[in-house]
Amino acid sequence: EQGLLFRTHGSACPVNPHVADRSVQLKELENRVQKEKIAQAATQLLEENDSVIIATGSTIMAFAEKIVPNVVTPSLKVSMLLSAVGNVNIIQLGGVVHKKSLSVRGTSPLISMEEFSCSKLFIGADGINEEYGVTNSNLEEAQLNREMMKAASKTIVLVDSSKFSRKGFGRICPLSQIHTVVTDGGIHASTVRMLEEQGVEVIIAE
């Protein structure tokens, strides 16, 4: 009644775990220091001959500012950012533009992903939950993320620690299908153990 707990099945948690779909401009203003650290740590995962897929999201944008490989992306902001970098080859996926995320959606990018084979996929997420796995607040974006996972040898999730125990409307995948999570020092030790038990490598950006 006081709004201090959110009821779940058989228990309660201190905040509402459900995440609403919000614009990427608003998300970019939140936890900016943590996202910069996560982005810098994620660049250490890049190798010389990588061809990577970069999804959408505010943490992903912070990462995109720092990289220089071959890039496939549905994000208009990522393409615009990297177009100023001379040694980056960019493949922009086509489709219907989703204004909140400034990325493309629909069947066109899903079909396009069948043409690619990349070494790594970097995605953001609105929630990481032990029961529901990796989730996004938009169903179409979650579907596209699943198709991008099929085209990549390794899936790396970049999220700040506020996203743990949260869940969005669209499920991307169970935790067992991702390889690495890069996050900040705010992650709880119990969450690290839970991810590692699922076979997920956890990198904490300092």
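What you see is a predicted model; the values in this text were computed from it and never measured. Residue indices begin from 1 for each chain and proceed along its sequence in written order. Reporting of local features is limited, given that this is a predicted model, to residues whose pLDDT is at least 70; pairs of side-chain atoms are given and counted only at 80 or more, and all residues count toward the totals for whole chains, interfaces and linings. To get the side-chain values, take all heavy atoms of the structure and skip hydrogens and water.

A.B. asks: Any chance you could explain the overall build of the protein here in plain terms?
C.D. replies: Broken down by element type, the protein carries 7 helices and 14 strands. Looking at the protein as a whole, 49% of its 206 residues are labelled buried. Within the protein, counting contacts between residues at least 6 apart in sequence, those at least 24 apart form 60% of the total. Here the Shrake-Rupley method, with its probe set to 1.4 Å, supplies the accessible areas, and only the displayed protein chains count as covering residues. As displayed, the protein offers around 10,300 Å² of accessible surface, 50% of which is attributable to carbon and sulfur atoms. To qualify as a helix, a DSSP run of H or I must reach at least 4 residues; to qualify as a strand, a run of E must reach at least 2; elements of each kind are numbered from the N terminus. The buried label applies to any residue whose accessible area, calculated with a 1.4 Å probe on protein chains only, is under 20% of its type's maximum; exposed applies above 50%, and partly exposed to all values in between. Two residues form a contact once any of their heavy atoms are found within 4.5 Å.

A.B. asks: Would you take a moment to explain the pairing of strand β13 (residues 180-184) for this structure?
C.D. replies: Every regular strand shows the same layout, with side chains that alternate between the two sheet faces. Among the 5 residues of β13, 5 are classified as buried, and the element is accordingly described as predominantly covered. On β13, burial covers both faces: T180, V182 and D184 on one face and V181 and T183 on the other are all buried. With 3 bridges joining them, strand β11 (residues 152-158) and β13 adopt parallel strand pairing. If you follow L158 over to β13, its bridge partner there is V182. What joins β13 to strand β14 (residues 201-205) is helix α7 (residues 189-197), and the crossover it makes is right-handed. Strand pairing is assigned whenever DSSP identifies at least 2 bridges connecting the two strands. With strands facing away from the observer, any crossover in which the path from the first strand over the helix to the second runs clockwise is taken as right-handed.

A.B. asks: What is the right way to read the environment of S79 from this model?
C.D. replies: Inspection of the secondary structure puts S79 in helix α4 (residues 76-82). For S79, a relative accessible area of 11% puts it in the buried group.

A.B. asks: Even after reading the chapter, I still don't get the nonpolar core, so can you show me in this structure?
C.D. replies: Side chains of a nonpolar character, in soluble globular proteins, are inclined to be buried together. Formed by 32 residues in total, the largest nonpolar core has its most connected members in I53, I128 and L195. Every element with two or more residues in this core is listed here: β8 (118-123), α6 (139-150), β11, β12 (170-173) and α7. Of all the elements, α6 adds the most residues to this core, at 4 residues. The residues touching L195, leaving out its near neighbours within four places in the chain, are I128, F164, L175, I187, V200 and V202. For this analysis, a nonpolar core means a set of buried residues of the types Ala, Val, Leu, Ile, Met, Phe, Trp, Tyr and Cys, connected via side-chain atoms within 4.5 Å.

A.B. asks: Would you mind going over the pattern of salt bridges with me for this structure?
C.D. replies: Working definition: two side chains of opposite charge can pair if their charged atoms are close together. Basic side-chain nitrogens of Lys or Arg form a salt bridge, by our definition, when they fall within 4 Å of a carboxyl oxygen of Asp or Glu. The tally for this structure, following the rule as stated, stands at 8 salt bridges. We note a salt bridge from E47 to K120, for which the minimum N-O separation is 3.0 Å. You can see E47 sitting in the loop between α2 (32-43) and β3 (51-54) and its partner K120 sitting in strand β8, a full 73 residues away along the chain. Looking at E47, the relative accessible area reads 55%, which means it is exposed. Note that D160 and K163 form a salt bridge whose closest N and O atoms lie 3.7 Å from each other. No difference in accessibility class separates D160 from K163, as the two residues are buried. Via salt bridges that share partners, R32, E36, E65 and K66 belong to a single interconnected network.

A.B. asks: So what exactly am I meant to see when it comes to the side chain of E141 here?
C.D. replies: You can see E141 is positioned in helix α6. According to the relative accessible area criterion, E141 is buried, its value standing at 9%. Under the rule applied, a polar contact is a pair of N or O atoms within 3.5 Å (in protein, one hydrogen donor and one hydrogen acceptor; residues adjacent in sequence only if both atoms are side-chain atoms). Within polar-contact distance, the side chain of E141 engages the side chain of R105 at 2.4 Å. Ignoring any residue separated from it by four or fewer positions in sequence, one finds E141 in contact with T56, S101, R105 and N136.

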